[in-house]
Amino acid sequence: MTSGFGPTQYLLQSVKTGKEFVDKGWTLEAPNEEEPSLIRAVYEEVQLNLKDERLGLFKFSDWLPVSRLLQGSSAPVTYKSQGLANYLGLEKLYVTFSGYWPEKGAKMPTCSFKETEAYSVCGRLDADEQGVLVVASAGNTARAFARVCSDNNVKLLLCVPEDNLDALWFDEVINDNVKLVCTSAGSDYSDAIQLSEMICQLPGFFAEGGAKNVARRDGMGTTVLSATTFIGRIPDYYFQAVGSGTGAVAAWEANQRLMVDGRFGTHYMKLMVSQNIPFTPIYDAWKADSRDMLPYDEDVAHQQVAEIDAKVLSNRKPPYPIYGGLYDALKETDGDVLLATNEESLKAADLFEELEGCDIHPASGVATATLIREVEKGTVKKDDVVMLNITGGGEKLFKRDKLVTALKPDHIFDINPDINDVKKVLENLF
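The structure displayed is predicted, hence computed values, not measured ones.

Reading guide: rules and limits
Residues numbered from 1 in each chain as written. Predicted model: local features only at pLDDT ≥ 70, side-chain atom pairs only at ≥ 80, totals over all residues. Heavy atoms only, no water. 1 Å grid on protein atoms, 1.4 Å probe; cavity = no way out; pocket = protein on both sides within 12 Å on 5 of 7 lines; lining within 4 Å. Points joined across faces, edges and corners; volume = space filled by probe spheres on them. Helix = DSSP H or I, 4+ residues; strand = E, 2+ residues; numbered from the N terminus. Nonpolar A, V, L, I, M, F, W, Y, C, P; charged D, E, K, R; others polar. Phe/Tyr/Trp six-rings, centres within 6.5 Å; stacked < 30°, edge-to-face > 60°. Buried < 20%, exposed > 50% of the residue type's maximum accessible area, 1.4 Å probe, protein only. Lys NZ or Arg CZ within 6 Å of the ring centre and 35° of its normal. Pairing = 2+ DSSP bridges. Core = buried A, V, L, I, M, F, W, Y, C linked by side-chain atoms within 4.5 Å. Arc of directions from axis to C-beta. Polar contact = N/O pair within 3.5 Å; in protein donor to acceptor, adjacent residues only side chain to side chain. Axes fitted to C-alpha atoms, helices over the stretch in contact; angles between N-to-C directions. Contact = heavy atoms within 4.5 Å. Parallel < 35°, antiparallel > 145°, perpendicular 65-115°, else oblique. Salt bridge = Lys/Arg side-chain N within 4 Å of Asp/Glu carboxyl O.

A.B. asks: I keep staring at the layout of surface pockets and nothing clicks. Help me out?
C.D. replies: Picture a little ball the size of a water molecule; that probe, rolled over the atoms, points out where space is still empty. Taken as a whole, the largest pocket holds about 900 Å³ of empty space. Lining of the largest pocket is provided by 45 residues; of these, Asn140, Val312, His361, Pro362 and Ala363 occupy positions nearest its centre. Elements that contribute at least two residues to the lining of the largest pocket include exactly α2 (114-124), α3 (140-151), α5 (214-220), β13 (237-241), α7 (246-261), α11 (342-356), α12 (362-377) and α13 (395-401). Tallying contributions element by element places α11 first for the lining of the largest pocket, with five residues. Considering only residue class, the lining of the largest pocket consists of 16 nonpolar, 16 polar and 13 charged. In this model, the second largest pocket occupies a volume close to 770 Å³. Lining the second largest pocket are 32 residues, with Glu197, Gly209, Gly210, Ala211 and Lys212 positioned closest to its centre. Counting only elements with at least two residues in the lining of the second largest pocket, the list comes to β8 (132-136) and α4 (189-199). No other element matches α4, which puts four residues into the lining of the second largest pocket.

What follows is the structure, given as structure tokens:
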């Protein structure tokens, strides 16, 4: 079903200088600029025209940098909360849910909003690409990319910490065009990123790009497009747990496009992003009013990551300082960085399941816990329009309905592997 879909027309723009240029296919940085800056897509369609619902995520294709339609996607679903809203005394609490909850129309088989990234990124990729896409992940992103790339015959190499392998479950066989390598036990997401960067130095492999990839950010931004088009206006508050903060940057950028659209308001929603205690590098930098990340002892970081329940929030090198990154997003939206303990997030997740009717991931529990506290403090008022971005959920429900199996690694590397060893292993993978 392709009715209403065609390749999206857009240019790329440096956030720092405002210069516009043509996307050469996989452009991740502005050409001939010395100071680091994110780039953005500038879409030909200034107003968002929603396509057929049967296109899934691609119903938002006016504001996705994609050239082809992939099958099997599901868009985030927004609904007005009743149970949690009544409990908190909020009149206008809206939940944007990405995951598996057929009752609400949410049918993401990986139960995570990372599917929005994977479909958008792969939709940007040329159908004839022969190179191997390399993705580093703490778990959910890897699961999403594995499913999407397997279903759409995209060559993919995943780099995931061995301790996070329990996140790589699937209800269908993953095809041989997807391979998995790990950094050994005791490593974390940043070690997986370092391995992926080493691999991308080798011929035939190229980086997905993370926050630098406009397709990744604009895919994640569909959560805000879902909420705003459902509500009829831009929310006042946006709550989400963050590891890299890329989703919050994406929300800010979607907010800006909606302001230009003109039909949904001309205000910024306050970005209320949260981290899982004790791993709080973004919080620490923000509270110090520092654009730069603060010094961080690697041994301490590894220990703190081991302690948090929300492993997906474990990025030690987030796109926070870069121009157009999370620091700028928080400043421009008058946002804040909040904290929740494992205990608080678990309690909040249990409360969400009891009051709303679906289980949610630990990161979503972190976001829900901070919303509860901000309401109790009086920061969020009863008549504020609040968007709670539930970035993953329905896993318990999905596993009750489906038989799942784990994806096994093709190789496990030391935390700091030798490049020659990496090369030798990869020569035999694809």
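So that's the structure; there's more coming.
A.B. asks: Got a minute to help me understand the packing of aromatic side chains in this structure?
C.D. replies: Two measures describe an aromatic ring pair: the distance that separates the ring centres and the angle between the ring planes. Throughout the structure, instances matching the rule amount to 13 aromatic pairs. Judged by centre distance (5.7 Å) and plane angle (90°), the ring pair of tryptophan 26 and phenylalanine 206 falls under edge-to-face. Note that tryptophan 26 is positioned in the loop between β2 (20-21) and β3 (39-43) and phenylalanine 206 in strand β12 (residues 205-207), a separation of 180 residues in sequence. Their ring planes at 90° and their centres at 4.9 Å tell us that tyrosine 100 and phenylalanine 398 sit as a pair that is edge-to-face. Of this pair, tyrosine 100 sits in strand β6 (residues 100-101) while phenylalanine 398 sits in helix α13, placing them 298 residues apart in sequence. Assigned by exposure class, tyrosine 100 and phenylalanine 398 land together as buried. Members of the aromatic cluster, joined through ring pairs, are Tyr79, Phe97 and Trp101. A cation sits over an aromatic face here: arginine 40 above tryptophan 252, 4.7 Å from the ring centre. Lying across the ring of tyrosine 79, lysine 104 places its NZ or CZ 4.1 Å from the centre.

A.B. asks: I'm lost on the pairing of strand β1 (residues 10-14) in this one. Help?
C.D. replies: Note on strand geometry: in a regular strand, side chains alternate between the two faces of the sheet. With burial as the criterion, only one face of β1 is covered, namely that bearing Tyr10, Leu12 and Ser14; the residues Leu11 and Gln13 on the opposite face remain uncovered. The turn linking β1 back onto β2 is made up of five residues, and glycine 18 within it adopts a positive phi angle of 80°.

A.B. asks: I tried to follow the nonpolar core on my own but got confused; where do I start?
C.D. replies: Buried together is how nonpolar side chains tend to be arranged in soluble globular proteins. Counting residues in hydrophobic clusters, the biggest one holds 81 residues, and the most contacted among them are Phe145, Leu158 and Leu271. With 41 residues, the next largest nonpolar core counts Ala241, Phe352, Ile360 and Ala369 among its residues.

A.B. asks: Got a minute to help me understand helix α9 (residues 298-307) in this structure?
C.D. replies: The periodicity of an α-helix, 3.6 residues per turn, causes residues three or four places apart in sequence to face the same way. Those residues of α9 that fall on the buried side of the exposure criterion are Ala301, His302, Gln304 and Val305. An end-on view of α9 places all buried positions within 165° of arc, on one side of the element. Turned more than 90 degrees away from the buried face of α9 sit Asp299 and Ala306, all of them exposed. The distance from a side-chain oxygen at the start of α9 to the backbone nitrogen of aspartate 299 is 3.0 Å, and the residue carrying that oxygen is aspartate 297.

A.B. asks: It is not clear to me how the sheet that holds strand β18 (residues 411-413) should be interpreted in this structure. Could you clarify?
C.D. replies: Strand-to-strand pairing in sheets goes through backbone hydrogen bonds, with the strands running parallel or antiparallel. As summarised here, the arrangement of the five strands in space is β12-β8-β9-β11-β18, forming an open sheet in which the pairing is parallel. The strands lining the two open edges of the sheet, one partner per strand, are β12 and β18. The mean angle between the axes of side-by-side strands here comes to 30°, regardless of whether they run parallel or antiparallel. The sheet strands contacting α3 are β8, β9 (156-161) and β11 (178-183), and the helix crosses β9 at an angle near 160°. Here α4 sits on the sheet in contact with β8, β9, β11, β12 and β18, set at roughly 150° to β9.

A.B. asks: Explain the packing of α4 against helix α14 (residues 419-426) here, please?
C.D. replies: As a packed pair, α4 and α14 sit with axes 10 Å apart at the nearest point and diverge in direction by 75°. Looking at the two axes, α4 sits roughly perpendicular to α14. On α14, the residues touching Leu195, Met198 and Ile199 of α4 are Ile419, Val422 and Leu426. Per-class residue counts for the contact of α4 with α14 are six nonpolar, no polar and no charged.

A.B. asks: Where do I start with the pattern of salt bridges in this structure?
C.D. replies: Counted according to the given criterion, the structure contains 28 salt bridges. With its nearest N and O atoms 3.7 Å apart, the salt bridge here joins lysine 16 to glutamate 35. With lysine 16 in the loop between β1 and β2 and glutamate 35 in the loop between β2 and β3, this pair connects stretches of sequence that are 19 residues apart. When its relative accessible area of 34% is taken as the criterion, lysine 16 is described as partly exposed. A salt bridge links glutamate 29 to lysine 212, with the nearest nitrogen and oxygen atoms 2.8 Å apart. Placement of the pair is glutamate 29 in the loop between β2 and β3 and lysine 212 in the loop between β12 and α5, with a sequence separation of 183 residues.

A.B. asks: So what exactly am I meant to see when it comes to empty space enclosed by the protein here?
C.D. replies: Following the criterion strictly, the structure yields one cavity of 30 Å³ or more and no others. Of the voids in this model, the largest cavity is the one considered here, and its volume is about 40 Å³. Taken together, Trp63, Asp218, Gly221, Leu225, Ala250, Ala254 and Arg257 form the lining of the largest cavity. Ranked by the residues each element gives to the lining of the largest cavity, the list is headed by α7, at three residues. Looking at the lining of the largest cavity residue by residue, the classes come out as four nonpolar, one polar and two charged.

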